[in-house]
Amino acid sequence: MIVAERKPLAEILANVQNVNKLLVVGCNTCVAVCLAGGEKEVAVLSSALRIGLRDTNPNIQITQRSIERQCEEEFNAELADDIAAHDVVLSMACGVGVQTLAEQFPTAIVYPALNTTFMGRPEERGVWSERCMGCGNCVLDKFGGVCPVTRCSKSLLNGPCGGSENGKCEVDPKNIDCAWQLIYDRMARIGQLDRLLEIEPAKDWSTSRHGGPRKIVRKDMVL
Amino acid sequence: MKSGSNLERILESGVFAVTAELGPPKGPDLKAVDEKIELLRGNCDAVNLTDNQTAIVRLSSAATASVLVQKGLEPVMQMTCRDRNRLAIQADLFGAAAMGVRNLLCLTGDHQCFGNHPGAKNVYDLDSIQLIQMVARMRDEGLTQGGDPIEGAVPLFIGGAANPFGDPFEFRVIRLAKKVAAGVNFIQTQCIFDLPRFKEWMRRVVDQGLHEKCYILAGVMPLKSAGAARYINANVAGIKVPDALVKRMSDAGRGKKAQAEGMKMCAEMIQEVREIEGVRGVHIMAVEWEAAIQPIVEMAGLLPRPIMQVDAEGDA
Amino acid sequence: MNDHRIVLMGCAQSAGAAIQELQDRGQALPDNVEWVRMPCGSSLDELHILRAFESGADRVMVLACYDGACRSVNGNRWAEKRVEAARAILEEVGIAGWRLAFQQVAPTMAADIWQWIADFQALQPPQDATPDAAQGAESEA
């Protein structure tokens, strides 16, 4: 899932301090699951903004809404009237949702309330970590289901480097496991250690974002 | 001969090699480089020029290596994968070869979070093993990574690093085997303070016959003081100075007395590793202490350094 | 000295029982102390705290059970976490953190609650603090 977190309030306040009518829109898919931009977070943020603006902008009108999934136009369509009736839209969706709103309502001013960070999984309640950076050419079959591109701080395909200590990555030993320790342990458990003797050649990064923003067209699906 | 470099000739001939390090300045100040060159001249067979070590920006290894060539001291250029993609790396290697650089150490490179530009974009287009593979192909097949013929020759003696002390321990020898398979010619290890662990690593290396497929130089580092030893333990990943050695340093006293003890300990370590099967030389990392090289190499009984005779065709 | 509006939020088991005892004794809470009774600390959300400040409260105190006493096991710890979250948000929008308090309490501690409210009422901003948004709001009221 996409994981995001709320921007510092000072940043959000700076963007809305002179707004008359503000529409705060949440999204009930990924960002609700990571407790950043769902319906509840919309309520909390709106209340915080009202408190933060009561000296400088006490007459601000804040409308709270939330949408099933902000990256799909058919769900956003129900916002058309609200958007027309407000000066600024503060979207609590991930970057995709914010951009979808902006594309769908090109005369609207749409600001993000979140910093979208990564594709990852929940590890335990309140903790999410990155797992996939969308390289476009999945090699998880070669590394025991642990992604070296995403989880190794240096994206080494023939790791580890000298900074692996006690199974942790020297970049942030408290939070980052050494991906190559994980790979080694996993491959040992599934009896595939010998595969690590093979040299993985230089990666073709053109399938990733390095090759430019990507698009997938399923011709069999387009009428 | 892969490159005809002095280092290669020394190792080929069976002489125990000595390499040292020169840290380039944090700017284009060549005066600092000149001073260090004169401290090292005649006291080692080749000198490593670090490449933005610990992600702190310095005069480039390529430029510094060129200066050393001009001044008649043999460089080992270092290249990390952190800062350059494969295009820039190949262009810099063309440049190095054109300027007479003949030794290259291929490294992954410390992450930029450790240095003075932590917000920089990550490159790591290649890892160190893919880099070794690419350079070997450039040299032996005359082709770029993309497959185009190279105009001119890239005669580089290819080195890599090895860390006998990192985790996972079982995997370290496998990684060395991969570097050998990729085409590495020589290895410089991380500095040795834990002699038993190094001996165990070498035993496994020799077991696999890897010592005959590449030249292994043992890394050593002279300690300047007990404080320096403690700093290393606290801050440098991959190096652990045992308590006994820290105590020896603090017992020795301060200033010049501590330095003398540190150099003596280093010379002793060199003599120890010389006895280990498979070790073909030593790499002395006297960080910002190039003046220590001459005394250490002398105490270790390794002076004078041989000058390899080069015949008309460029072979020893 | 009953100048500041205080909202008191507490769970029924501990705080609720103690407040009930105060009322049984004829000790009504001061006029500008609003008592909000929650079924359990686990039903607290930072939104409740923010709404209290939004509606003009000068300070908010949250009461929950001691560790091990909560009948929902972790409701009291949940409440404490919500208080921390609310305090962080309040600081970000210019309301000083000392205006939000959290206390663990047992049903027998009616007298302590009475004292805490009095102390909280009397609490002054730290000497070196710049005036925060709540003080600004109050002085205009």
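Residues numbered from 1 in each chain as written. Chains lettered and ligands numbered in written order. Predicted model: local features only at pLDDT ≥ 70, side-chain atom pairs only at ≥ 80, totals over all residues. Heavy atoms only, no water.

(A) Structural view of unusual backbone geometry. Omega for the bond connecting Gly159 of chain A with Pro160 of chain A falls within 30 degrees of zero, at 0 degrees, which places this linkage in the cis form. Along the polypeptide, Pro160 of chain A turns up in the loop between helix H7 (148-151) and strand E8 (164-165). Positive phi outside glycine occurs at Ala55 of chain B, with the angle close to 60 degrees. On the secondary structure map, Ala55 of chain B appears in the loop between strand E2 (46-49) and helix H3 (61-70). Within the chain, Val73 of chain C stands out as a residue other than glycine whose phi angle is a positive 75 degrees. Locating Val73 of chain C in the fold gives a position in the loop between strand E3 (59-64) and helix H3 (75-92). (Helix = DSSP H or I, 4+ residues; strand = E, 2+ residues; numbered from the N terminus.)

(B) How the structure looks around the domain arrangement of chain A. Entries for chain A in the domain assignment read domain 1 (2-118) and domain 2 (133-200). Placing a centre on the C-alpha atoms of domain 1 of chain A and another on those of domain 2 of chain A gives a separation of 38 Å. (Domains from an automatic or database assignment.)

(C) Highlighting the packing of aromatic side chains. Residues and elements named next belong to chain B. Here the structure, examined in full by the defined rule, presents five aromatic pairs over all chains. Where Phe157 meets Phe186, the ring centres are 5.1 Å apart and the plane angle is 25 degrees; that geometry is what we call stacked. Remark: Phe186 occurs in strand E6 (residues 186-191) and Phe157 occurs in strand E5 (residues 157-162); sequence separation between them is 29 residues. Judged by its relative accessible area of 2%, Phe157 falls in the buried class. Here Phe186 falls in the buried class, since its relative accessible area comes to 0%. Aromatic pair Phe157 and Tyr215: ring centres 6.3 Å apart, planes at 50 degrees, arrangement tilted. On the criterion of sequence distance, the pair formed by Phe157 in strand E5 and Tyr215 in strand E7 (residues 215-220) is long-range, its members being 58 residues apart. (Phe/Tyr/Trp six-rings, centres within 6.5 Å; stacked < 30°, edge-to-face > 60°. Buried < 20%, exposed > 50% of the residue type's maximum accessible area, 1.4 Å probe, protein only.)

(D) Structural view of the arrangement of the chains. With two pairs of chains in contact overall, the contact-richest pair is chains A and B. No part of chain B reaches chain C; the closest C-alpha pair between them is 25 Å apart. (Contact = heavy atoms within 4.5 Å.)

(E) Just the interface of chain A and chain B, in detail. If you look at the interface, chain A gives 26 residues, while chain B gives 30 residues. Between chain A and chain B, roughly 2400 Å² of surface is buried when both sides are summed, and carbon and sulfur atoms account for 56% of that area. Taken as a group, Lys154, Tyr184 and Ile199 of chain A account for 24% of the area that chain A buries against chain B, more than any other trio of residues on that side. Here chain A is connected to chain B by zero salt bridges. Where chain A touches chain B, the interface holds 15 residue pairs in polar contact (both at pLDDT 80 or more). (Buried area = accessible area lost by both parts, 1.4 Å probe. Salt bridge = Lys/Arg side-chain N within 4 Å of Asp/Glu carboxyl O. Polar contact = N/O pair within 3.5 Å; in protein donor to acceptor, adjacent residues only side chain to side chain.)

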